[in-house]
Each structure stands twice: as structure tokens, then as C-alpha cells.
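# Remarks on the overall topology
Residues per chain are reported as follows:
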There are 2 protein chains.
Amino acid sequence: MGTRPWNSEAGQGEFMTCARQFYQFPGELELWRGGVLERPTVAYETWGKLNAQRDNAVLIFTGLSPSAHAASSPADSASGWWEEIVGPHLPIDTNKFFVICINSLGSCFGSTGPASVNPATNEIYRLSFPVLMLEDVAAGGKAVIDSLGIESLYSVIGPSMGGMTALAYAAQYPDSARSLVLISTASRSLPYAIALRSLQREMIRNDPDWQGGEYKDAGPVQGMRLARKLGMITYRSGEEWVQRFGRERIPEEHPSGDSFAPDFEVEAYLEYHAQRFTGQFDANCYLYLSRASDLFDFAEHGSSMEVAARKIQAERILIVGVASDFLFRIERQRELASIFKAADKRVTLVELDSIQGHDSFLADMDSFRPVLDSFFTGDWSALTAMSSIQP
Amino acid sequence: MGTRPWNSEAGQGEFMTCARQFYQFPGELELWRGGVLERPTVAYETWGKLNAQRDNAVLIFTGLSPSAHAASSPADSASGWWEEIVGPHLPIDTNKFFVICINSLGSCFGSTGPASVNPATNEIYRLSFPVLMLEDVAAGGKAVIDSLGIESLYSVIGPSMGGMTALAYAAQYPDSARSLVLISTASRSLPYAIALRSLQREMIRNDPDWQGGEYKDAGPVQGMRLARKLGMITYRSGEEWVQRFGRERIPEEHPSGDSFAPDFEVEAYLEYHAQRFTGQFDANCYLYLSRASDLFDFAEHGSSMEVAARKIQAERILIVGVASDFLFRIERQRELASIFKAADKRVTLVELDSIQGHDSFLADMDSFRPVLDSFFTGDWSALTAMSSIQP
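Residues numbered from 1 in each chain as written. Chains lettered and ligands numbered in written order. Predicted model: local features only at pLDDT ≥ 70, side-chain atom pairs only at ≥ 80, totals over all residues. Heavy atoms only, no water.

## Comments concerning the packing of helix H4 (residues 191-206) of chain A against helix H5 (residues 221-235) of chain B
At their nearest, the axes of H4 of chain A and H5 of chain B sit 10 Å apart, and the two run at 165° to each other. By the criterion of interaxial angle, the relationship of H4 of chain A to H5 of chain B is roughly antiparallel. Helix-helix and strand crossings are classified by hand; for H4 of chain A and H5 of chain B the assignment is left-handed. Counted together, Tyr192, Ala195, Leu196, Leu199, Glu202, Met203 and Asn206 of chain A of H4 of chain A and Gln222, Arg225, Leu226, Lys229, Leu230, Ile233 and Thr234 of chain B of H5 of chain B form the full contact between these two elements. Broken down by class, the residue content of the contact of H4 of chain A with H5 of chain B amounts to eight nonpolar, three polar and three charged. (Axes fitted to C-alpha atoms, helices over the stretch in contact; angles between N-to-C directions. Helix = DSSP H or I, 4+ residues; strand = E, 2+ residues; numbered from the N terminus. Parallel < 35°, antiparallel > 145°, perpendicular 65-115°, else oblique. Left-handed = near helix turned anticlockwise from the far one by under 90°. Contact = heavy atoms within 4.5 Å. Nonpolar A, V, L, I, M, F, W, Y, C, P; charged D, E, K, R; others polar.)

Put into C-alpha cells, the structure is as follows:
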């Protein structure tokens, strides 16, 4: 781990500052599926310094729910969602790279989304927000990059939905990035993932407190709790939970009158995470971003996946997947690798045997660190040794 | 398929009769975890004839939601849930075997459950129903068998929850069955399956119409719809859905004002099945049986799984599992086989590569038929050839 002088302050409960920066479009942003956003804002954070050649920038797109706060920094000492990956002397080394993490358009951590006020009406967008696509999220990232005067990125990287956004970015701006890192993602969503996300959305829409998107205050708390629990189930793996929980019971008695209250440790674990999520994410934003993941299809960028892949000019493409991932299965990572291979790209596919499922990129640092470290230090021979496809 | 003269009548929409029979306990049934049921009833159906030696009986326990109506018969011409397995000249050949299928205690298709009236109070049990275990469901089956004058069963067979019930039966009445057939089941529930069922229960309990179990009329329809959809997702497989649905869209436009209505065929499929289930199963019964599946642990029948397995006197044990089963994984079938193998039992483990997931025992007859056919005709060499473990 790198030395981070500000971390000690955070531990002492001192004031938190904000590292969030904003780019605002000067006019309308036309969206991929039609419709416009009036002067939308994209929130982002940066770490490290852009060098004189302006060629050391790394752009990160996030999964569905994180903010742009990937890591702590002097301006915001709170731990970020990729604290062990982004920082000084870490795999995405902020002593070497200028790192930019984007809060997706449609999200609720500073970027314009369904929870934002529509400047044309002075009312919150809610369901009047146009259909959002990951191409639009990518366009938000491109606008930030342009505003920073960066013409060519060292890399675009994204896990999960962020990986699909990175693909949308590369397809729309094919000469904008010299490499591409796709983690536990897919070229498009298949019916099993769509079904799971559809059910999560229905849990939210079905909560009477959703009020057809017109909720005030907390909104559909119960629906969000249920959706988060299903999320946790699909983000982790059975093997991990056998090791962590087995059939351990909760020591407490049931509260009287609730004979179906949690009995097992795994139920308490889900409840803890669901409660922690409550109030952290706007329900309508969740619906739009969840749907954007369903709708993404890389093949829309060409007459076929391969044609779309051929357009991308990245010199190196790294794909990382996890055997226990149930939502973005290892087969989907292999499919991505074959698409780029068929398009004569230089692809590395690393298949990890982490047991934490889809969330391994957040949970199994021991496996992910060496892969990203080799990639970002340019140790190609180490990377090739990890690859499951021939160069 | 066997000839079934009554099938042609059914096709013409003539009257349906009922094949359901009932056994009523003359007094109290003491339950496995404590508590009693006053004169409970167990509903069942039978096919074929008990022979003079009374040794040709096959007892079937069901999954969570089916009734005892496994197959059509002259008394009830409606198709049953295992119509292609149970019948004349079918794998469980009713020309040869006397077949009994049990409606689980706790269910709502004739057996006593939370939706039944408690004779002691003249009120519906609802949540005053005692904690139900699969050992109690097995005890209901044993009472029926005793009432029919059967001392030794040719076989006890069960898929899914029915397989766990068959294990509970064999453990409690070790010399009662000469063989055991366990399909897509487990020796106990592990945290991933518990988490999924816990979430289904929460969807139901969270529906305001559940009213703490005190609902009148239809009850928690929305909660049951959501729970059924999650059920469908966990019962099938991603591979099957890619083949069936891919990314096909629903042709219709969204109804106005509902921008998150289903877009994809897979969403319409889930909706169809959820609606079909609505009103078919009592919500409180669902909660009790779902919890009973979580609570089952074969190891409670001995100091260890192996000790419990040693008690069982069945001469042959057939275990069938499916590679694409996500809820009762193939590893759990292998674990069951090793438990019985370690206890020196004669075990056959057949691993099928059906793509329909957990539901393959209902959906992939071409794979299941030959396995069950070999078992029930006693073609041991054919069965051994299918087995993935050495005899």
C-alpha cells in the first residue's frame, strides 16, 4: 500500500472535504436514443498530475452504484471504492498516471440524472428523463476528457457496467484510447442478467412508496432494500458464503410476532448490506442505469461484434474475468476476448479463480492487484504468462 | 407414451373429477421441532394396484409447490406435474407399480397447512401453525403408507424439496424402503439457496397485503408474483434462456406512463409465469414450506452425515443431478453420492447435461426418462453405464 498522509486524519474523524469536480455542457447533449439533456453536468474526480505530453491519463468508468470517489486523496480523505487499486505505488499508480473517474450520467452523485432538476422546467426530471444508454455515459466521460485537454488516453478501464461503458467509449471514440481494460463485463446483456435486473426494478416500482417515480423524501425504501439483497446475491458466490457462513444461526431469538425473521447468519448479512444501502442511491437513477445495462449491445457499433471491434484502435486490450461470477460469467469474458481476437487485436484474457463472484474486483485484491500491476507497469511478459489465450 | 383412454375425454373439455384421497390422523401429530397438529389430514393420489405381496409400492414426495396430482388417471384426467414419468409403460410404470404421491403437510392442496382451520380453535392456523420440518412432511407420507397396509416400499423418490423429504423419510424409517431416488436435491441447504428463499419470503412478507399473515381474499398477490419470478430465475438456466430468448424484444409499445414496462421477451416470459401462479398457492403455506427447506439438515439424523447414511437400509440409491442447476448444484449431488458411498451403500450418481437448470426434471424428459426407466425396470448394467462413480 502506498503512503497516504491524509489517511491518518480520516481515522480521527476530522472534517471531510470534497474532491468532486464538475464539467457542465455549454448547451444541449443529444442522447444516443434521441432526446436531449439541457446543459447536463458530469461529476468526476482526479488523482495525480497530467504530464507535459498529456499522454498519461487513465479514465475509469464505474459499476452501477459507485460515485466518482474511487480513492482517497488530500481533498477527500474518505476511502474510495477502489482504494487498493488507485493511489501512489498502487496498480494504477497516481505518481505516474493522471487518473480520472467519472460519475455516470444518470447517477446521483453530482452528475445529471433523473434526480436532478431539469433547467427547462425547474422540476426534477424523474421519469421525464430520456432513455439513457451507456453510450451517453461514455459521452459524459469524453466531454470531461476534452475539457481537460487530453487527446489520447493511456487507458480506459471499467469493471461491470463500467466495462460496458468503456466499450461504448472505445466504439464511439475509436482513436481516443491507447489501451482498454475490461473487467467482469460483457459485450451485451443476456436474458439471465436482464431477468435479474428486471426483477430488481420491479421490486422498486412495486413498492407503493415509489409512487410512479413521484416519491418525495426517502422514496421506495423497502423496494430498494429488496433490490439490494438480490444484488448482493448475484454479486457474490455460493462458494464464498459456504466458507463465510455455512449454516451458522443468528444467536438472538426471533422478535415476537415475526416467525419468519432471519434465522441464519447469511440472512443477517444481507439485511446489514441492504440497510447500509438505504437512502444512499436514488431509486429512479437506479432504474435508469439498470435499464441502460440491459440495453447495451456492442454490436450496435458495427454490422457485427467483430466489425465493431475492428474500429477500435487501442493497441492493447486486457480482459479480466472471474470463474465464480454469476452475473457477468466467465464465458462472457471469453466471448469478448474472441471478438477482439477475431478482429486481430492484441488481447490478453486473465481468468481468475476468486471465489467472491462478480464483486471479486472489489473483494479479492490479492488476485486483481498483480494483473493490473503488470498491465499498468507494462510488464507484458508477466501478463502474457497469466493469459489464458495465446498471443 | 402409454395409452390413456381418459386423455381424449379431457381434450374435449368434459367434466373433471378428483382423484384426491385423504388420510386423517386419529389424534395429535407431534411435530419434529415441538408443537402438535390436531387430527391433521394428508392428501394423496394413487395410480396402479398394490399387488398381493404388497411390495410394489413407490412413494413420491413433491417439490415445494406441486399437488399430489403427479399424473392423470381415470379419476382425474387433468395432466399432472410428472405426466411423462408416471403412467402405464412410462418410467414409473403404473401397470407394474402402485404409485402414491403425497401432498406435503403445510401445503394447500388438501393436506393440513397454515391455510387450514385449526380444529382446536375453529380458526385458520395462519402463523399459529407450528414450525414445520421436512421430517413432518415425511411423517405424513409414512402415515399414508401405514394406512394402506404397506410395510416395505419398492422405492421412495423425490425431486428438489421432495428429495430432501425422501431423505428425511429414509432417515426416520430406515427399513421402510428398499430403494431411494434423489433428484436435484441436497443433504441440507447452504447459504446461497437460503439467501434466495429468504428473499422470496421477504418479498411476500413485505407486501402490505400480507397483513402479517392475516390476509383475507387473495392476499399478497404482488409479493407472490415477485417471489415466483425469482423462483423462475433460480429454477432455469442462463444457457437455456440464451437459446430461447436471446435479446428478442416484445413487439408491443410500452403502455404510456410506464417507461420501465417489459422490453425483452424474457421479461414477458417471467410475467406470464408469475401471473399463472397467482392465486394458485397460499402465501403462508409458501412461507412455511420454504422455511422447512432451509431448516432441513440430514446430519441431524446422526452424529454426522455418514452416520445418518449408515442407518438407511435401502439396497440401492440413485442420485440424479443436472450440470446447469443453480439452486441444487451438481456439487451437492456429488456430495450426497459421497456420503452414501462412504457409508458403504450401493449408489449410482447420474449427472445430466440438461440446460433447463433445476427444472430439468420437469422439462428435459429425454434425459430423465432413460435414467428412471433403467432404475425402475432394474436394468442395473444400463444404469451403471450412466453413472459417474464406480460401483
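## A short note on the sheet that holds strand E11 (residues 155-159) of chain A
Residues and elements named next belong to chain A. Within the open sheet, the eight strands sit side by side as E1-E4-E8-E5-E11-E12-E13-E14. Their pairing is mixed. Each edge of the sheet is formed by a strand with only one pairing partner; in this case those strands are strand E1 (21-24) and strand E14 (347-352). With direction set aside, neighbouring strand axes in the sheet form an average angle of 20°. When E1 meets strand E4 (residues 41-47), the two strands line up antiparallel, connected through four bridges. What sits directly across from Phe22, in E4, is Ala43. Where helix H12 (residues 365-377) meets the sheet, its contacts fall on strand E5 (57-61), E11, strand E12 (179-183), strand E13 (316-322) and E14, and the angle it forms with E13 comes to roughly 180°. (Pairing = 2+ DSSP bridges.)

## Examining the sheet that holds strand E11 (residues 155-159) of chain B
Residues and elements named next belong to chain B. Here eight strands make up an open sheet; going across it, the order is E1-E4-E8-E5-E11-E12-E13-E14 and the pairing mixed. Among the strands making up the open sheet, the edge pair consists of strand E1 (21-24) and strand E14 (347-352). Between one strand and the next, the sheet's axes are offset by a mean angle of 20°, whatever the strand orientation. Strands in contact with helix H2 (residues 134-147) are E1, strand E4 (41-47), strand E5 (57-60) and strand E8 (98-102); relative to E8, the strand with the most contacts, it is inclined by about 145°. Along the sheet, helix H10 (residues 330-342) makes contact with strand E12 (179-183), strand E13 (316-322) and E14, crossing E13 at roughly 165°.

## Overview of the relation of the copies chain B and chain A
Expressed as a screw operation, the relation of chain B to chain A combines 0.0 Å of axial shift with a rotation of 180°, fitting to an RMSD of 0.0 Å. The superposition operator between the copies reduces to a two-fold rotation axis. An overlap of 100% is found between the interface residues of chain B and their copies at the interface of chain A, pointing to a shared contact surface. (Least-squares fit on C-alpha atoms with pLDDT ≥ 70 in both.)

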